[in-house]
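Close look at the chain arrangement
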Amino acid sequence: MSKIAVIGGGIIGVATAYELAKLGEEVILLEKNYFGSGSTFRCATGIRAQFTDEANIRLMKHSVERWEKLEEELESDIVFRQTGYLFLATSEEEVEAFKANIKLQNKFGVPTRLIDMDEAKEIAPILNTEPFLAGAWNPKDGKANPFKTLFAYLFRAKGLGVDAREHTEVVGFEREGNAITTVKFRYNGRIERVRVDAVLNAANAWAPLINEMAGLKRNLVPITAYKHQLVKTEPLEPGQAEPLICPPSWNDAYIIQDGEDGGIICGAGIEHKARSLNDVEPTYDFLRGVLDYAVRIAPPLRYAHIVRQWAGFYAKTPDSNPAMGKLLDNFYIAAGFSGHGFMMAPAVAQAMAELISKGRSKVPLDWEWYDPYRFERGELRTSAFQIG
Ligand code: FAD
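An account of the accompanying structure is given in this report. All chains use their own residue numbering, which begins from 1 and follows the written sequence. The model is predicted, so local features are restricted to residues of pLDDT at least 70 and side-chain atom pairs to those at 80 or more, both for listing and for counting; the totals for chains, interfaces and linings are taken over all residues. Computation of side-chain values covers all heavy atoms of the structure but excludes hydrogens and water.

**Notes on the environment of Tyr332**
The cut-off we apply is this: Numbered from the N terminus, helices here are DSSP runs of H or I no shorter than four residues, and strands are runs of E no shorter than two. Each residue is placed in one exposure class: buried if its accessible area under a 1.4 Å probe, protein chains only, is under 20% of its type's maximum, exposed if it is over 50%, and partly exposed if it falls in between. In this description, contact between two residues means that some pair of their heavy atoms is separated by no more than 4.5 Å.
Within the fold, Tyr332 resides in strand S20 (residues 331–335). Of the residues examined, Tyr332 reaches a relative accessible area of 7% and is grouped as buried. Sequence spacing of Tyr332 and Gly262 is 70 residues, and the spatial spacing of their C-alpha atoms is 39 Å. Other than its neighbours up to four places away in sequence, Tyr332 contacts Ala198, Val199, Leu200, Asn201, Gly325, Lys326, Leu327, Met352, Leu355 and Ile356.

**Overview of the nonpolar core**
Heads up, the rule is: Each nonpolar core is a collection of buried residues, namely Ala, Val, Leu, Ile, Met, Phe, Trp, Tyr and Cys, held together in the definition by side-chain atoms within 4.5 Å. Domain borders in the structure are assigned automatically or taken from a domain database.
If you look at the biggest cluster of nonpolar residues, it comprises 80 residues, and the most contacted ones within it are Ile47, Leu59, Met324 and Val348. Take this core: its biggest share by element is 12 residues, from helix H8 (residues 341–358). The residue makeup of this core includes at least three contributed by each of domain 1 (1–84 + 141–221 + 319–388) and domain 2 (85–139 + 224–316). Not counting the four nearest positions on each side in its chain, Met324 is found in contact with Leu59, Ile333, Ala334, Phe337, Val348, Met352, Leu365, Trp367, Tyr370, Asp371 and Pro372. In this structure, Val199, Ala214, Ala225 and Phe313 belong to the second largest nonpolar core, which totals 33 residues.

**Thoughts on the sheet that holds strand S12 (residues 198–201)**
Stated precisely, the cut-off is as follows: When DSSP finds two or more bridges between two strands, those strands count as paired. Structural elements are reduced to axes, namely lines fitted to C-alpha atoms, with helices fitted over the stretch in contact, and the angle between N-to-C directions of any two is expressed from 0 to 180 degrees.
Spatial ordering of the open sheet is given by S8-S2-S1-S12-S20-S19, a layout of six strands whose pairing is mixed. Of all strands in the sheet, those with a lone pairing partner are strand S8 (163–165) and strand S19 (323–328), marking the two edges. Between one strand and the next, the sheet's axes are offset by a mean angle of 15 degrees, whatever the strand orientation. Where strand S2 (residues 26–30) lies against S8, three bridges are found, and the strand directions are parallel.

**Quick look at the site of the ligand**
Rules: We call a residue near a given molecule or strand whenever any one of its heavy atoms falls within 4 Å of it. Pairs of N or O atoms are called polar contacts if they sit within 3.5 Å, as long as, within protein, a hydrogen donor faces a hydrogen acceptor (for residues adjacent in sequence, only side-chain-to-side-chain pairs). Lys, Arg, Asp and Glu make up the charged group, whereas Ala, Val, Leu, Ile, Met, Phe, Trp, Tyr, Cys and Pro make up the nonpolar group; the residues left over, Gly among them, are polar.
With respect to spatial proximity, 39 residues lie near the ligand, and among them Glu31, Ser39, Thr40, Gly46 and Met343 are the closest. The side chain of Glu31 places a nitrogen or oxygen atom 2.7 Å from an oxygen atom of the ligand. Contacts to the ligand include Thr45, whose backbone N or O atom sits 3.4 Å from an oxygen atom. Looking at the shell around the ligand, the elements that each hand over two or more residues are helix H1 (11–22), strand S9 (168–176), strand S13 (224–235), strand S18 (306–316) and H8. A breakdown of the residues in the shell around the ligand according to their chemical character gives 17 nonpolar, 18 polar and four charged. Residue-level mapping places the shell around the ligand at the junction of two domains, with at least three residues from each of domain 1 (1–84 + 141–221 + 319–388) and domain 2 (85–139 + 224–316).

**As for the packing of aromatic side chains**
Using the following cut-off: Two rings from Phe, Tyr or Trp (for Trp, the six-membered ring) form a pair when their centres sit within 6.5 Å of each other. Planes less than 30 degrees apart are called stacked, planes more than 60 degrees apart edge-to-face, and all others tilted. As a reminder, the over-ring test applies to NZ of lysine and CZ of arginine, requiring each to be within 6 Å of the ring centre and within 35 degrees of the ring normal.
All told, the structure shown has nine aromatic pairs when counted by the stated rule. Aromatic side chains Trp67 and Phe80 sit 5.8 Å apart centroid to centroid with 15 degrees between the ring planes, which places their arrangement in the stacked category. In this pair, Trp67 sits in helix H2 (residues 54–74) while Phe80 sits in the loop between H2 and strand S4 (85–89), placing the two residues 13 residues apart along the sequence. Overall, the relative accessible area of 11% leaves Phe80 in the buried class. When the ring centre of Phe51 is taken as reference, the NZ or CZ atom of Arg48 above it lies at 4.0 Å. One residue, Arg296, lies across the ring of Trp250, its end atom 4.3 Å from the ring centre.

**Let's talk about the packing of H1 against H8**
Our working definition: By the definition adopted for this analysis, an angle is roughly parallel if under 35 degrees, roughly antiparallel if over 145, roughly perpendicular if from 65 to 115, and oblique otherwise. When the near helix sits turned anticlockwise from the far one by under a right angle, the crossing is termed left-handed; a clockwise turn instead gives a right-handed crossing.
Relative orientation of the contacting elements H1 and H8 amounts to 40 degrees, with a least axis distance of 8 Å. Here H8 runs oblique to H1, going by the angle between their axes. In terms of crossing hand, the pair formed by H1 and H8 is right-handed. Across the interface between the two elements, Ile11, Ile12, Ala15, Thr16, Glu19 and Leu20 from H1 touch Gly341, Phe342, Ala345, Pro346, Val348, Ala349, Gln350, Met352, Ala353, Ile356 and Ser357 from H8. Of the residues contributing to the contact of H1 with H8, the split by class is 12 nonpolar, four polar and one charged.

**Here's the deal with the pattern of salt bridges**
Basically, it comes down to this: Whenever a carboxyl oxygen of Asp or Glu lies within 4 Å of a side-chain nitrogen of Lys or Arg, that contact is scored as a salt bridge.
Counted by the stated rule, this structure contains 32 salt bridges. The partner of Lys22 in a salt bridge is Glu73, with the nearest N and O atoms 2.9 Å apart. Pair noted here: Lys22 is in helix H1 and Glu73 is in helix H2, with a separation of 51 residues, a long-range link. By relative accessible area, Lys22 is classed as partly exposed at 41%.

**Quick notes on the pairing of strand S1 (residues 3–7)**
A regular strand carries its side chains on alternate faces of the sheet. Here is the rule: By definition, the crossover connecting two strands over a helix is right-handed if that path, from the first strand to the second, turns clockwise as seen with the strands pointing away from the viewer.
Of all the five residues making up S1, four are buried; the element is thus mostly covered by neighbouring parts of the structure. Sheet topology places S1 next to S2; five bridges connect them, and they run parallel. Of the residues in S2, the one forming a bridge with Ile7 is Leu30. In this fold, the crossover linking S1 to S2 by way of H1 has right-handed handedness.

**Brief notes about the sheet that holds strand S10 (residues 179–187)**
Read from one edge of the open sheet, three strands run S9-S10-S11, paired in antiparallel fashion. Across the chains shown, the open sheet's two edge strands, defined by having one partner strand only, are S9 and strand S11 (190–195). The mean inter-strand angle of the sheet, taken between neighbouring strand axes irrespective of direction, is 25 degrees. As judged from the six bridges shared by S10 and S11, these two strands associate in the antiparallel manner. Residue Val183 lies in a different strand from S11, and its bridge partner there is Val194.

Written as structure tokens, this is what we have:
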């Protein structure tokens, strides 16, 4: 049994701690704030395998299969619902691009198909079909509750012996050659040390700071925090807009009905580079901009009250694909998840835990594609479609 420190108590860190404990490892999970306080509790709930490149499609196909069994495995209702994702095309060129994406997704067993606007209207009665020519529809995509999912993983992880600590900030490491020997952390104003055999950096937007503490260049894995925002309406009758609905050419605007309370969550690619890693203040330009898109997608929304607006980070690498793999002999990273870390978590957690514990993984994760050293080599991947 090895002792492994997982840094970051978002969905990636918590789920990986659980998977490591399942493999019999001794795990200490360190979160500087409260669990979920980073991007995870701010996310839009969406889960999709509709990506446009082989690596992300295959990873998400596996992740969706894991999501399908998660409630049973974690013995908890995480409100996972396969209510689909519906992308909408506004031009013939986009319809052709959808067809090419669908072909690639079908090749790897993702059952997306092109649908007409009559079928789209049946799927989402609230939809204004007029501006759109066709839809890319995968009924197996879906959504889950980020709060319940994280707490379900955390509860099980603790049950398997994970030493899970909140308000515990990692502040440095001791290193011998290319290996981390000790993690230093601050709790209640005191600095403590723990000797470890391996470390996972799952700090997402904060990951470059952790890399720097490990003696690496801060920009080795360049992750920039962009403020991504959402608004939510009062509850509407269930069944109005259950899938995530997105016309990508409208600045990646999207709506999705909350699987529990029926409120409509509205997002868009109206983003601001965060001024600091504390900058989660919502902005008025987003509120105006996102509602303009939302009422064009679903006109009845103009009568719905907005009850909340919030912001969080899309922690983005230059190609919007996460960095996953080994950085030093026993120092690993899984960070930079842009708009898709929640949906990827079940697959990524399993893959990272197997990599750390056994040196290899059964998960169809293309390690070369996500290689954290690719930026240093100047090898960017095709940009991953970012929204939730
Ligand atoms: P985080 O949840 O950010 O966790 C990292 C943690 O590390 C933080 O809690 C932080 O406090 C901790 N940390 C940092 N430094 C230290 C330190 N020194 N010591 C200890 N702990 C430290 N994804 C989807 O899949 N679907 C969606 O629909 C979706 N919608 C989104 C909507 C919004 C508005 C936003 C902001 C994001 C959305 N995302 C979505 C993205 C998703 O939320 C993230 O990709 C995911 O939550 C990343 O999880 P994580 O565990 O990597 O990071």
